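Letter by letter, the chains look like this.
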Amino acid sequence: MTDGGPVLTEQQKQYLEGFLAGVKNRGAGDASAASALTPAETKPSGPEAIHIEAQDRAVAAGGKLVPEELAKRAKHPFDMWDEMRANAAAKRFPKGTDVFLHKFHGLFYVAPNQDAFMRRVRLPGGLIAAAQLRGLGDVAETYGGGYAHVTSRLGVLEDTNDIGFAAVAVDGGGAVPAGVYFRMLLGGITGHGDFGRDSGVLLTPAEVVPAAAAVLRVFIAHGDRTDRKKARLKYLLDAWGLEKFMVEAEPALPFKWRRVPPEMCRPRGPIAKHGHVGVHPQRQAGLSYVGVAVPVGYLPVAQLRGLADIAARHGSGTLRLTVWQNLIVSDVPDGALAAVERELGALGLTSTPSHIRGALVACTGNMGCKFALSNTKTHALAIGDWLEARVALDQPLNIHLTGCPASCAQIHVGDIGLLATKVDRGDDEVEGYHVMVGGGAGAERAMARAIYHSVPADAVPAKLEAMLRAYLAHRHDGETFHAFVNRHAVDALVRLFDAAALEIAA
Ligand code: SF4
């Protein structure tokens, strides 16, 4: 301080200049947004500083922060514990942007579909101990609706995630020693019509975490904070191009990118269509893992506890969740396999589902998500019942249902994808679906194509039956559904499917 008043540091001056320029650019009528910004003097220096700086830059560049960005800035989401407790004691639900801030604690307020929270639990690698699963059952029984859902949210499919890592083998002989590495894929978001792009680099297992951190830092610093729909890595990559992004990320790494073209790598094998359902020998002699089908991921408390008991009694006490909404009990001695299947049966579960039910995936739907336009899980089960009674497939098929375009159930990479919509029926509006086919990930990478629009939910099972019958009647020897639909144009498929529907009706 001097007699003349406060002296600003160079950094503070730059901040204020940028801030004032941004306010001026936005026009005078936006006082609420401007007043919500934190003054430079009180700028935090912790992990959130990088976010505040990015917000400042967005404003300085003339952008207008979305309400969620302003809310994060006005109140640190991780400092709201007391407020949340007070709300709970008063039986009060959050309002406005507080709904968004609660998500930092895994609490998703799902009004208007229900006046309740969906509690989201993140399991690194999908790994959960039997005691934890039992604990989740206790929580669901005491505080929830007596059930839990296995979601499709694990980042297992590397080309459908913001940041994905694909294990590959390198034979050596070039500049890179032989061994197992990871290729990094960026910007995959099938709900927005894009698969991950190969970043052109090869990473050792130890380099994966620093690489992910560097990518995140660039995204935090430069991702869009003025348009919520564009606040994804894909849009930064679209704006910059992959090369600029990789150059920007390199200074945040403790090493240099190892640039290696994909052709030098042996890719991993095909993705298991039904995600490990069934009994599979492990590398450890005498042990197997058992993939259990969980219809649409729904697990009532009795099944949560029963599965925990099976894993503790016959396995090593751990379970793994899969992106297909199924789960795996690992380290089961061969001598205990029959007992495991018997005990699964007593719980109403199996490791040998039909080819239709093994990967019948449905997002939360309007049972627990405020964005859902339909009851995806109930409709998925109805589809499974209908098809199992009428169509015998000789190979696995993926059917994915999703309640809104966010596509948590990855409809664009299923053999058959169903996107919820509202359908006019006379004076009423009923739940229904757009139908798409031919999506796939990994070796089957393809974006599904829409073939029918606005089919009422109660007509979907018969529509799918006709599609599968046409496939069985017209496929080449042993051809997969994915290959069959992808060698036909949409209008040819519709002709085949409609003809099969007429035959069924006759
Ligand atoms: S896809 Fe949409 S409706 Fe389904 S869980 Fe995700 S956000 Fe909710």
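So, how was this worked out
Residues numbered from 1 in each chain as written. Predicted model: local features only at pLDDT ≥ 70, side-chain atom pairs only at ≥ 80, totals over all residues. Heavy atoms only, no water. Near = heavy atom within 4 Å. Nonpolar A, V, L, I, M, F, W, Y, C, P; charged D, E, K, R; others polar. Salt bridge = Lys/Arg side-chain N within 4 Å of Asp/Glu carboxyl O. Helix = DSSP H or I, 4+ residues; strand = E, 2+ residues; numbered from the N terminus. Buried < 20%, exposed > 50% of the residue type's maximum accessible area, 1.4 Å probe, protein only. Pairing = 2+ DSSP bridges. Axes fitted to C-alpha atoms, helices over the stretch in contact; angles between N-to-C directions. Contact = heavy atoms within 4.5 Å. Parallel < 35°, antiparallel > 145°, perpendicular 65-115°, else oblique. pLDDT = per-residue confidence, 0-100.

Would you take a moment to explain the site of the ligand for this structure?
Around the ligand, the neighbouring residues are Cys363, Thr364, Cys369, Phe371, Ala372, Thr402, Gly403, Cys404, Ala406, Ser407 and Cys408. When grouped by side-chain class, the residues that make up the shell around the ligand number seven nonpolar, four polar and no charged.

Honestly, the pattern of salt bridges in this entry has me stumped. Any pointers?
Where charged atoms from two side chains of opposite charge approach closely, those side chains can pair. This structure, assessed with the given rule, holds 24 salt bridges. Here Asp138 makes a salt bridge to Arg305, at a shortest N to O gap of 2.8 Å. Separated by 167 residues along the polypeptide, Asp138 in helix 7 (residues 130–143) and Arg305 in helix 11 (residues 301–314) bring together distant segments of the chain. Residue class for Asp138 comes out partly exposed when judged on its relative accessible area of 37%. Classification of Arg305 by relative accessible area gives partly exposed; the value is 25%. Salt-bridge contacts for Asp198 lead to Arg183; the nearest nitrogen and oxygen are separated by 2.7 Å. Here Arg183 lies in strand 6 (residues 179–186) and Asp198 lies in strand 7 (residues 197–203), a separation of 15 residues in the sequence. Classification of Arg183 by relative accessible area gives buried; the value is 4%. Where salt bridges share partners, they join Asp194, Arg197, Lys234 and Asp238 into one cluster.

Is there a simple way to explain unusual backbone geometry in this structure?
For the peptide bond that leads from Ala111 to Pro112, omega is 5°, which places it in the cis range. Note on placement: Pro112 falls in the loop between strand 1 (107–109) and strand 2 (117–119). Of note, Lys91 is a non-glycine position whose phi angle comes to about 55°, a positive value. Position of Lys91 among the secondary structure elements: in the loop between helix 5 (81–89) and helix 6 (97–102). The class of Lys91 is exposed, set by a relative accessible area of 74%.

Can you walk me through the sheet that holds strand 8 (residues 265–267) in this structure?
As summarised here, the arrangement of the four strands in space is 7-6-5-8, forming an open sheet in which the pairing is antiparallel. The two strands at the open ends of the sheet, each matched to only one other strand, are strand 7 and strand 8. Strand-to-strand, the axes of this sheet are offset by a mean angle of 45°, without reference to chain direction. Here strand 5 (residues 163–170) runs beside strand 8; their pairing, made up of three bridges, is antiparallel. Across the sheet, residue Val168 finds its bridge partner in strand 8, namely Pro267. On the sheet, helix 8 (residues 208–222) packs against strand 5, strand 6 and strand 7 and is oriented at approximately 145° with respect to strand 5.

Would you mind going over the packing of helix 14 (residues 460–474) against helix 16 (residues 490–505) with me for this structure?
Helix-helix packing: each pair is described by the crossing angle between the helix axes and the interaxial distance. In the contact formed by helix 14 and helix 16, the axes pass within 8 Å of each other and the chain directions differ by 105°. Relative to helix 16, helix 14 is oriented roughly perpendicular. Every residue of helix 16 that contacts helix 14 at Glu465, Ala466, Met467, Arg469, Ala470 and His474 is listed here: Leu496, Phe497, Ala500, Ala501 and Ile504. In terms of residue class, the contact of helix 14 with helix 16 is built from eight nonpolar, one polar and two charged.

Is there a simple way to think about the confidence of the model for the protein in this case?
Interpreting fine coordinate detail is not advised for predicted regions of low pLDDT. The pLDDT averaged across the protein works out to 88; a share of 89% of its residues lies at or above 70. Here residues 1–9 scores under 50 on pLDDT; set against residues more than four positions off or in separate chains, the count is six contacts.

Could you clarify how one ought to interpret the packing of helix 8 against helix 9 (residues 233–240) in this entry?
Remark: helix 8 packs on helix 9, axes separated minimally by 10 Å, with the N-to-C direction vectors making an angle of 80°. Classified by the interaxial angle, the pair formed by helix 8 and helix 9 is roughly perpendicular. Of helix 9, the residues touching helix 8 (which contributes Val215, Val218, Phe219 and His222) are Leu233, Leu236 and Trp240. Class assignment of the residues belonging to the contact of helix 8 with helix 9 gives a composition of six nonpolar, one polar and no charged.

How should the pairing of strand 6 be read in this particular structure?
Along a regular strand, successive side chains alternate from one face of the sheet to the other. Relative to strand 6, strand 5 is paired through eight bridges, and the arrangement is antiparallel. Within strand 6, the residue paired with Ala169 across the bridge is Val180. Summarising the sheet, strand 6 and strand 7 pair through four bridges and their orientation is antiparallel. Residue pairing for strand 7: Leu185 is matched across the bridge by Asp198.

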